[in-house]
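Tertiary structure, described
Residues per chain are reported as follows:
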Amino acid sequence: METEKFDNNNLPSNSKNFIEQIIEEDIKNNKNGGSVHTRFPPEPNGYLHIGHAKSIILNFGLAKKYNGLCNLRFDDTNPVKEDIEYIDSIKEDIKWLGFDWEDREYYASDYFEILYEYAEKLIKKEKAYVCDLSPDEISKQRGTVTTKGIESPYRNRSIEENLDLFRRMRNGEFEEGSCVLRAKIDMSHPNMLMRDPILYRIIKTSHHRTGDKWCIYPMYDFAHGQCDSIERITHSICTLEFEVHKQLYDWFVKELEIFAPQQIEFARLNLTYTVMSKRKLLELVENKYVNGWDDPRMPTICGLRRRGYTPESIKMFSDKIGVARRDNTIDVSLLEFCVREHLNKIAERRMAVLNPLKVVITNYPDNHIEELDAVNNPEDFEKGTRKIPFSRVIYIERDDFIENPPQHFFRLSPGNEVRLRYAYFIKCTDVIKDPTTGEIKEIHCTYDPASKGGNSPDGRKVKGTIHWVSANHCIEAEIRLYDRLFLSEFPEQVEEGHNYTDYLNPDSLKIIKAFAEPSLANVDINTRFQFERIGYFTADKDTMPGKPVFNRTVTLKDSWIRKK
RNA sequence: UGUCCGAUAGUGUAAUUGGCAACACGUCUGAUUUUGGUUCAGAAGAGUCCAGGUUCGAACCCUGGUCGGACAACCA
């Protein structure tokens, strides 16, 4: 019997998603000579998000799997919305994810001349005409999904007149909005996109790549499919909303008599507790709900990167969510699982106390300092050990001490013994409170000198192990505690009279000062750590020498908090 | 009152293409543990949107419904 191999998803590796099934069928039938050529076609008008990551991983992944190639192509057909800033960020994000388009970096604007030729070809075939109707009139005459449209009075201009008008459009003789080039298809077509769609419009804005060479620009629908065709894309993979457009693209391909790519649509990614539309993401940035596109609360790739996510964890996530055609909303907890899974293996451990409580070890000699050994990563002993200073006064986490503990609480409480990680067993003897407020100011403990390193020679066991830092040696670190951006699981499902921004989580960012072990004083930006018993943290780009700033990527799983 | 697409545990994705509905996350229980982390062992949870039909046999094929989504920018 054949042994099944398992991938990340633990599904048998011979289980294929529907796109792989189509491609394998095409290869079997020797379609396009059995070759596979995909592309990732972003518009440079925003930053990439985790949904784009799914598409990037799919397109580059498919090409790799079937020995093909994947192009990067910017669909830059609208100069008023697009910007070089976005091009740079998109390229950076794809590279960071680990994909390489080599020399195949293309732009729809590279093909403007060819596209223009295509347009003239349609005019000459009496399949396109210049229409002088106003935008408003065109919209009205298009009809609705249930009613037919009306033919434009300019629909039957002669080839010569259309050619002349279109050339004059190109020459800049007309004002923006005064006329457009339209395909001549069918104003009563059940598919609205087939009702004489606009092919070219006049935009007198300089383009980030072609400058002022053009004042007419092709619409996306007239560019996208033909660009795929020009690049000989065999499998043109896109999201479901473009399904209706396929009929139009096929019409262009047929009328223009050019190579026919095969379009395959899949369902876009949605995530709980966040929004994914470019428009909303832009609003969050512009209205300062977040601090820029790379704010660690954003589902953007640069946001996730700054948050501390690894490319590997995003790829693992992409594998696990699969590819299908039905609408889906993935629980963010799956994304969090993936990053914990990876970080557990690669992140070195450190100790940091986020909410300190002073502990005086009364039987420990004053002015004495010891250097204790701590393991850098128990999942990877090759990462070695480091020294941590220990002394009479330390800080522990305030949550790790309860004066009157509930059942099954096995951290510190009066009379209870716990282990200080990598140090000693300690026992609480006194609780010092503020006489007026009753707040616990500090606690006094005694330690067992024989338990050095964390084990007692008499074999005595303790239930709890807590982290700590030495008061005289620890450093101060700024910690940014990030949480989900929205309170609502489905912020895009807006109730009457509300806006999605009403569901923003006011506590999605808390900035605190923490005490950290001295080895954290100087860290390289983007280094990821696990702060033991707390979570995974990444050194933010705001880190300065001696002044580290850490972003919380994700907390550790906590089965105690659930028990409570 | 249109066209197209979709529907499988809470969430996703599978089911050798008509043959015992599986895997992951999540949830719960237990073991191990110098992180209440990790690891390990186990459990609960769907009878496949509904109703018919074809078939020895249907998640899969057919018919009719229901529900959800996409489409009416000189956006992509």
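**Some details on the nonpolar core**
- In this structure, Ile-50, Ile-56, Phe-60, Ile-94, Leu-271, Ile-314 and Phe-317 are the most contacted members of the largest nonpolar core, which totals 38 residues.
- Contributing elements (two or more residues each) for this core: helix 2 (50-65), strand 2 (69-74), helix 3 (84-97), helix 10 (301-307), helix 11 (311-321) and helix 12 (332-346).
- A per-element tally of this core places helix 2 first, with 6 residues.
- Beyond its immediate sequence surroundings of up to four residues, Leu-271 is in contact with Ile-50, Met-276, Phe-317, Thr-329, Ile-330, Asp-331, Val-332 and Leu-335.
- Among the nonpolar cores identified, the runner-up in size contains 37 residues, and Ala-128, Tyr-200, Tyr-217 and Leu-248 belong to it.

**Overview of unusual backbone geometry**
- The phi dihedral of Asn-30 falls on the positive side, at around 60 degrees, and the residue is not glycine.
- Looking at the secondary structure, you find Asn-30 in the loop between helix 1 (18-28) and strand 1 (37-40).
- The exposed category is assigned to Asn-30, whose relative accessible area is 51%.
- In the Ramachandran plot, Glu-126 falls in the positive-phi region, its phi being about 60 degrees despite a non-glycine side chain.
- Following the sequence through the fold, Glu-126 ends up in the loop between helix 4 (112-124) and strand 4 (128-131).

**Let's talk about the protein's contact with RNA strand B**
- Every one of the 71 residues lining RNA strand B counts as a neighbour, but Arg-326, Arg-349, Arg-419, Gly-453 and Gln-530 are closest to it.
- Within 4 Å of the protein, atoms of RNA strand B come from sugar and phosphate in 65% of cases.
- The separation between a base nitrogen of RNA strand B and a polar side-chain atom of Gln-530 is 2.5 Å.
- A distance of 2.8 Å separates a phosphate oxygen of RNA strand B from a polar atom in the side chain of Ser-559.
- With 4 residues, the single largest contributor to the surface near RNA strand B is helix 12.
- Looking at the surface near RNA strand B, its residues break down into 24 nonpolar, 25 polar and 22 charged.

**What to know about the sheet that holds strand 16 (residues 417-420)**
- Across the sheet, 7 strands lie side by side as 19-16-17-18-12-15-20; this open sheet has mixed pairing. Strand pairing shows two members of the sheet lacking a second neighbour, strand 19 (465-466) and strand 20 (468-470), which therefore form its edges.
- Where strand 16 and strand 17 (residues 425-433) come together, 3 bridges link them in antiparallel fashion. Paired with Arg-419 across the strands is Phe-425, a residue of strand 17.

**Brief notes about the confidence of the model for chain A**
- The pLDDT averaged across chain A works out to 95; a share of 97% of its residues lies at or above 70.
- Across residues 1-9 the pLDDT falls below 50, and counting only partners more than four positions away or on other chains, this stretch makes 11 contacts in the model.
- Reported confidence for the predicted complex is 0.96 by ipTM and 0.95 by pTM.

**Section: the side chain of Glu-255**
- Relative to the elements of secondary structure, Glu-255 occurs in helix 8 (residues 246-256).
- Among the polar contacts listed, one links the side chain of Glu-255 to the side chain of Lys-254, at a separation of 3.5 Å.
- Once residues lying within four places of it in the same chain are set aside, the contact partners of Glu-255 are Lys-121, Leu-122, Lys-125 and Lys-127.

**Details of the environment of Leu-69**
- Mapped onto the fold, Leu-69 is located in strand 2.
- Under the relative-accessibility criterion, Leu-69 is labelled partly exposed at 37%.
- The contact partners of Leu-69, leaving out residues within four places of it in the chain, are Val-36, His-37, Thr-38, Ala-63, Glu-102 and Arg-104.

**Notes on the packing of aromatic side chains**
- Enumeration according to the criterion identifies 26 aromatic pairs in this entry.
- Between the aromatic rings of Tyr-47 and Trp-293, the centroid separation amounts to 4.9 Å while the plane-to-plane angle is 20 degrees, which identifies the pairing as stacked. Linking Tyr-47 in the loop between strand 1 and helix 2 with Trp-293 in the loop between helix 9 (278-286) and helix 10, this pair joins segments that are 246 residues apart in sequence. Assigned by exposure class, Tyr-47 and Trp-293 land together as buried.
- One aromatic cluster in this structure is built from Phe-112, Tyr-116, Phe-166, Tyr-200, Trp-214, Tyr-217, Phe-222, Trp-251 and Phe-252.
- We note Arg-170 situated over the ring of Tyr-116; from NZ or CZ to the ring centre the distance is 4.4 Å.

**Looking at empty space enclosed by the protein**
- Under the criterion given, the structure shown has 1 cavity of 30 Å³ or more.
- There is about 30 Å³ of room inside the largest cavity.
- Lining of the largest cavity is provided by Glu-126, Ala-128, Tyr-129, Arg-155, Arg-157, Asn-162 and Lys-184.
- When its residues are assigned to classes, the lining of the largest cavity shows 2 nonpolar, 1 polar and 4 charged.

**Regarding the pattern of salt bridges**
- One pass over the structure, following the stated rule, counts 58 salt bridges.
- Among the salt bridges present, the one from Arg-155 reaches Asp-196, with a minimum N-O distance of 2.7 Å. Taken together, the residues span a long stretch of sequence, with Arg-155 in the loop between helix 5 (135-141) and helix 6 (159-170) and Asp-196 in the loop between strand 5 (180-183) and strand 6 (198-202) at a distance of 41 residues. Comparing Arg-155 with Asp-196, the two get one shared label, buried.
- With its nearest N and O atoms 2.2 Å apart, the salt bridge here joins Asp-400 to Arg-533. Of the two residues, Asp-400 is situated in the loop between strand 15 (393-397) and strand 16 and Arg-533 in the loop between strand 23 (528-531) and strand 24 (535-539); the sequence distance between them amounts to 133 residues.
- Sharing partners across several salt bridges, the network here consists of Asp-294, Arg-306, Glu-478, Arg-480, Lys-513, Asp-540, Lys-541 and Asp-542.

So, how was this worked out
Residues numbered from 1 in each chain as written. Chains lettered and ligands numbered in written order. Predicted model: local features only at pLDDT ≥ 70, side-chain atom pairs only at ≥ 80, totals over all residues. Heavy atoms only, no water. Core = buried A, V, L, I, M, F, W, Y, C linked by side-chain atoms within 4.5 Å. Buried < 20%, exposed > 50% of the residue type's maximum accessible area, 1.4 Å probe, protein only. Helix = DSSP H or I, 4+ residues; strand = E, 2+ residues; numbered from the N terminus. Contact = heavy atoms within 4.5 Å. Near = heavy atom within 4 Å. Polar contact = N/O pair within 3.5 Å; in protein donor to acceptor, adjacent residues only side chain to side chain. Nonpolar A, V, L, I, M, F, W, Y, C, P; charged D, E, K, R; others polar. Pairing = 2+ DSSP bridges. pLDDT = per-residue confidence, 0-100. Phe/Tyr/Trp six-rings, centres within 6.5 Å; stacked < 30°, edge-to-face > 60°. Lys NZ or Arg CZ within 6 Å of the ring centre and 35° of its normal. 1 Å grid on protein atoms, 1.4 Å probe; cavity = no way out; pocket = protein on both sides within 12 Å on 5 of 7 lines; lining within 4 Å. Points joined across faces, edges and corners; volume = space filled by probe spheres on them. Salt bridge = Lys/Arg side-chain N within 4 Å of Asp/Glu carboxyl O.

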